[in-house]
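# Analysis of the macromolecular model
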Amino acid sequence: MRMNKSRQLAIEKLADNVRDECKVTDYGFQNIFEAAEKIGYRVIRYPIGIDAFLGFALIKDSERIIFSNSSLILSREIFSIAHEIGHQKLHLSEQGLTMIKDVDFSDRDVSEIEANYFAACLLMPREKVAKFIRHELKNKSIGKWSGLNIARIQTAFNVSYDMALIRLKALDILDDTLMDWLKFEKLEKTATRLLNAINGNIDLCKSTEAKKLPAEYLEWVISNYNEKLIPINSLKSALEYVDLEVEDIEVLSEEPEEEDEGFEDLLRRMD
Ligand SMILES: [Zn+2]
């Protein structure tokens, strides 16, 4: 399965527009989580486990929600957010499909190929990669590249070592032989040590286990509780998601009977 040229160009353009909208002037996003919020998405991050699904894009009550599993290493979580923005821009609509859940990011169908392509263009635009090679790597000839050069690209663009290789190959900057050699070098030295060696961003190789829910969600849960629309147990389980306890926030007491849908149910429905 391949995308045709005009679709490919349309996706590149869309990714460029999103970078503009997010005012990205560096090579990579400083903070793609905040950037996604600034352009109107509700970003939810939660460490649901290394073997759980990777993320989802959802439209719920006219809200556009992006979820990413923060048990993944940061560079992969950044890719998840970029991929889910792709689904939001390309595949979801109020009238049509309202949810896509990603167990993995394999190119299993057209919409996955497109979301992956969007993410690649968003995180590592062709022109920016060319500029980095020209300005930062001083046009070092490709045959002389080592894993350290990939680690520098990783740090500038905030991507995983593997994603950097895949993108450089897709842009015809690396050929198969060189790519295999650089993959081997990573196995030998591991990305973290390569990043360390250049004083790069080693956080990219760790998971953040971040727990981030929209502030509005918590306010909504608390006000529902105060208005006696949800029982204290629902409030407790909602707060547990962000490591808070009922005592940590100011609420009125007295227990109502009815259950309401909370974030827990939302997550459960994704399984
Ligand atoms: Zn997907």
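Before reading further, recall that the structure is shown in the block above.
Residues numbered from 1 in each chain as written. Predicted model: local features only at pLDDT ≥ 70, side-chain atom pairs only at ≥ 80, totals over all residues. Heavy atoms only, no water.

## Describing the pattern of salt bridges
This is how the line gets drawn: Here, a salt bridge means any side-chain nitrogen of Lys or Arg that lies within 4 Å of a carboxyl oxygen of Asp or Glu. Numbering goes from the N terminus for both helices and strands, where a helix is a DSSP run of H or I of at least four residues and a strand is a run of E of at least two. Between buried and exposed lies partly exposed: a residue is buried under 20% and exposed over 50% of the maximum accessible area for its type, with that area taken using a 1.4 Å probe on protein chains only.
Applying the stated criterion across every chain, the model contains 15 salt bridges. Arg 76 is the partner of Asp 162 in a salt bridge, and the nearest nitrogen-oxygen pair spans 3.1 Å. A residue pair is termed long-range when its members are at least 10 positions apart, and Asp 162 in helix H7 (residues 161-170) and Arg 76 in helix H3 (residues 74-90) qualify at 86 residues. Overall, the relative accessible area of 25% leaves Asp 162 in the partly exposed class. Note that Lys 189 is salt-bridged to Glu 185, the shortest N-O span being 3.0 Å.

## As for the pairing of strand S3 (residues 63-69)
The cut-off we apply is this: Only strands joined by at least two bridges in the DSSP assignment are considered to pair.
Burial analysis of S3 places 6 of its 7 residues in the buried class, which makes it a mostly covered element. In this structure, strand S1 (residues 42-46) lies alongside S3, joined through 5 bridges in parallel fashion. Among the inter-strand pairings, Arg 42 is bridged to a residue of S3, identified as Ile 65. Bridge count for strand S2 (residues 55-60) against S3 is 6 bridges, and the pairing is antiparallel. The partner of Phe 56 across the bridge, within S3, is Phe 67. The hairpin turn running from S2 into S3, its antiparallel successor, is 2 residues long, and Asp 61 in that turn takes a positive phi close to 45°.

## Here's the deal with the nonpolar core
Stated formally: Here the nonpolar core consists of buried residues drawn from Ala, Val, Leu, Ile, Met, Phe, Trp, Tyr and Cys, with membership extended through side-chain atoms lying within 4.5 Å. As annotated, the domain borders come from an automatic or database domain assignment. Any two residues having at least one pair of non-hydrogen atoms within 4.5 Å are treated as being in contact.
Within the largest apolar cluster, 59 residues are counted, with the highest numbers of intra-cluster contacts made by Ile 32, Leu 122, Leu 123 and Ile 153. Sorting elements by how many residues they give to this core places helix H4 (residues 110-123) first, with 8 residues. The two domains that each donate at least three residues to this core are domain 1 (5-123) and domain 2 (126-205). The contacts of Ile 32, once residues within four sequence positions are left out, are Ile 78, Ile 81, Ala 82, Leu 122 and Leu 123. Within the second largest apolar cluster, 22 residues are counted, among which are Phe 56, Ile 222, Ile 232 and Tyr 241.

## Topic: the coordination of the zinc ion
Using the following cut-off: Metal donors were taken as nitrogen, oxygen and sulfur atoms no farther than 2.8 Å from the ion, or 3.2 Å where the ion is Na, K or Ca. Water is excluded, so coordination may look unfinished. Angle rules define the geometry names used: all angles between 85 and 135 degrees makes four donors tetrahedral, while opposite donors over 155 degrees apart and all other angles between 65 and 115 make four donors square planar and six octahedral, leaving every other case irregular.
Listed as protein donors to the zinc ion are His 83 (NE2), His 87 (NE2), Asp 102 (OD), Asp 102 (OD), Glu 112 (OE) and Glu 112 (OE); their distances from the metal cover 2.0 to 2.7 Å. What the 6 donor atoms of the zinc ion show is an angle range of 53 to 142° at the metal, which sorts the shape as irregular. Look at where the donors of the zinc ion fall in the sequence and you get H-x3-H-x14-D-x9-E. Of the two residues, His 87 is situated in helix H3 and Glu 112 in helix H4; the sequence distance between them amounts to 25 residues. By relative accessible area, His 87 is classed as buried at 0%. In this structure Glu 112 comes out as buried when scored by relative accessible area, which is 2%.

## Concerning the layout of surface pockets
The probe, sized like a water molecule, is rolled over the atoms to show the empty space still left. Where we set the bar: Points on a 1 Å grid over protein atoms alone make up a cavity when a 1.4 Å probe fits among them but cannot get out, and a pocket when they form an open set with protein on both sides within 12 Å along at least five of seven lines; lining residues each have an atom within 4 Å of a point. Grid points are joined across faces, edges and corners, and a volume is the space filled by probe spheres set on the points. Here the nonpolar group is Ala, Val, Leu, Ile, Met, Phe, Trp, Tyr, Cys and Pro; Asp, Glu, Lys and Arg are the charged ones; every other residue, Gly included, is treated as polar.
By volume, the largest pocket is sized at about 820 Å³. Lining the largest pocket are 25 residues; nearest its centre among them are Asp 107, Asn 116, Tyr 117, Ala 120 and Ile 166. Among the secondary structure elements, those contributing two or more residues to the lining of the largest pocket are helix H1 (5-21), H3, H4 and H7. It is H7 that contributes the most residues to the lining of the largest pocket, 5 residues altogether. When the residues that make up the lining of the largest pocket are grouped by side-chain class, the tally is 13 nonpolar, 4 polar and 8 charged.

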